[in-house]
Amino acid sequence: QVELVESGGGLVQAGGSLRLSCAFSGIIFRDDVINIMGWYRQAPGKQREFVATVSSGGSTKHADSVKGRFTISRDSAKNTVYLQMNSLNAEDTGVYYCKIDQLGAIQTSYWGQGTQVTVSS
């Protein structure tokens, strides 16, 4: 059974930093399947949006709104994906979700339960 557990959210003042962690289990890494691990966020009253992804090959992508401030990384040995968030501002407030996409003959997606990030101005 696949499980994704986020942690590290909280309340921080504008300009501060947080590091989110997503510990996952039950994911089988195979050569014929591409795994994309990422972070998405949802602000109150808005749709969920892409923040950053890292592939099983190590390639990363970041949304324009977070480039230069957020950094996604992964620790394969710990089955954990991180999101280092610096220079936070009020627009970064929301629930942050971890997601894993498995792209193979069949595409499957898994979501975590989310962790709240609140930035006070």
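Each remark here, short or long, concerns the structure printed above.
Report follows, based on the coordinates. What you are looking at is a predicted structure, and each value in this text was computed from that prediction instead of being measured.

When its volume is computed, the largest pocket comes out at roughly 200 Å³. Lining the largest pocket are I28, R30, D32, V33, Q102, G104, A105, I106, T108 and Y110. Partitioned by chemical class, the residues of the lining of the largest pocket number five nonpolar, three polar and two charged. Taken as a whole, the second largest pocket holds about 170 Å³ of empty space. Considering the residues around the second largest pocket, the lining is formed by R41, Q42, A43, K46, Q47, E49, A90, E91, T93 and G94. Taken together, the residues of the lining of the second largest pocket break down into two nonpolar, four polar and four charged.

The backbone of N79 shows a phi angle near 50 degrees, a positive value even though the residue is not glycine. Mapped onto the elements, N79 comes out in the loop between strand 7 (70–75) and strand 8 (80–85). The backbone of S87 shows a phi angle near 50 degrees, a positive value even though the residue is not glycine. Tracing the sequence through the fold places S87 in the loop between strand 8 and strand 9 (94–103).

Moving on, we come to the environment of E6. Inspection of the secondary structure puts E6 in strand 1 (residues 3–7). Measuring from C-alpha to C-alpha, the distance between E6 and D32 comes to 27 Å, with 26 residues separating the pair along the chain. Of the polar contacts made by the side chain of E6, one reaches the backbone nitrogen of C98; its length is 2.7 Å. There is a polar contact of 3.0 Å between the side chain of E6 and the backbone nitrogen of Q113.

It is worth spelling out the pattern of salt bridges at this point. Side chains carrying opposite charge are able to pair once their charged atoms draw close together. Enumeration over the complete set of coordinates arrives at six salt bridges. The closest approach of N and O atoms between K67 and D64, which form a salt bridge, is 3.2 Å. Each member of the pair, K67 as well as D64, carries the same accessibility label: exposed. A single network of salt bridges, built from pairs that share partners, joins R41, E49, R69 and D92.

Here we take up the packing of aromatic side chains. Summed over the entire model, instances satisfying the criterion amount to four aromatic pairs. On the basis of an interplanar angle of 65 degrees and a centroid distance of 5.9 Å, the ring pair of Y40 and F50 is categorised as edge-to-face. Separated by ten residues along the polypeptide, Y40 in strand 4 (residues 34–42) and F50 in strand 5 (residues 49–55) bring together distant segments of the chain. Taking relative accessible area as the criterion, Y40 reaches 15% and is therefore assigned buried. The exposure class of F50 is partly exposed, given its relative accessible area of 32%. Here Y97 and W111 contribute two aromatic rings whose centre-to-centre distance is 6.3 Å and whose plane-to-plane angle is 85 degrees, an arrangement assigned as edge-to-face. Of this pair, Y97 sits in strand 9 while W111 sits in strand 10 (residues 107–111), and the two are 14 residues apart along the sequence. Judged by relative accessible area, Y97 falls into the buried class, the value being 13%.

What counts, and at which threshold
Each chain has its residues counted from 1, running along the sequence as written. The model is predicted, so local features are restricted to residues of pLDDT at least 70 and side-chain atom pairs to those at 80 or more, both for listing and for counting; the totals for chains, interfaces and linings are taken over all residues. Only hydrogens and water are set aside when side-chain values are computed; all heavy atoms of the structure are taken into account. Both site types are read off a 1 Å grid over the protein atoms alone. A 1.4 Å probe that fits but cannot get out defines a cavity, while an open set with protein on both sides within 12 Å along at least five of seven lines defines a pocket; lining residues have an atom within 4 Å of a point. Grid points are joined across faces, edges and corners, and a volume is the space filled by probe spheres set on the points. When residues are sorted by character, Ala, Val, Leu, Ile, Met, Phe, Trp, Tyr, Cys and Pro go into the nonpolar class, Asp, Glu, Lys and Arg into the charged class, and all the rest, Gly among them, into the polar class. Secondary structure is summarised from DSSP: a helix means a run of H or I of at least four residues, a strand means a run of E of at least two, and numbering begins at the N terminus for each. Here a polar contact is recorded for every N or O atom pair within 3.5 Å, except that within protein the pair must consist of a potential hydrogen donor and a potential acceptor, and residues adjacent in sequence are included only if both atoms are side-chain atoms. Only one rule defines a salt bridge in this text: a Lys or Arg side-chain nitrogen within 4 Å of an Asp or Glu carboxyl oxygen. Classification of residues uses two cut-offs on accessible area relative to the type maximum, computed with a 1.4 Å probe and protein chains only: under 20% is buried, over 50% is exposed, and between them is partly exposed. Any Phe, Tyr or Trp ring, taking Trp's six-membered ring, that has another such ring centre within 6.5 Å forms a pair; planes under 30 degrees apart are called stacked, those over 60 apart edge-to-face, and the others tilted.

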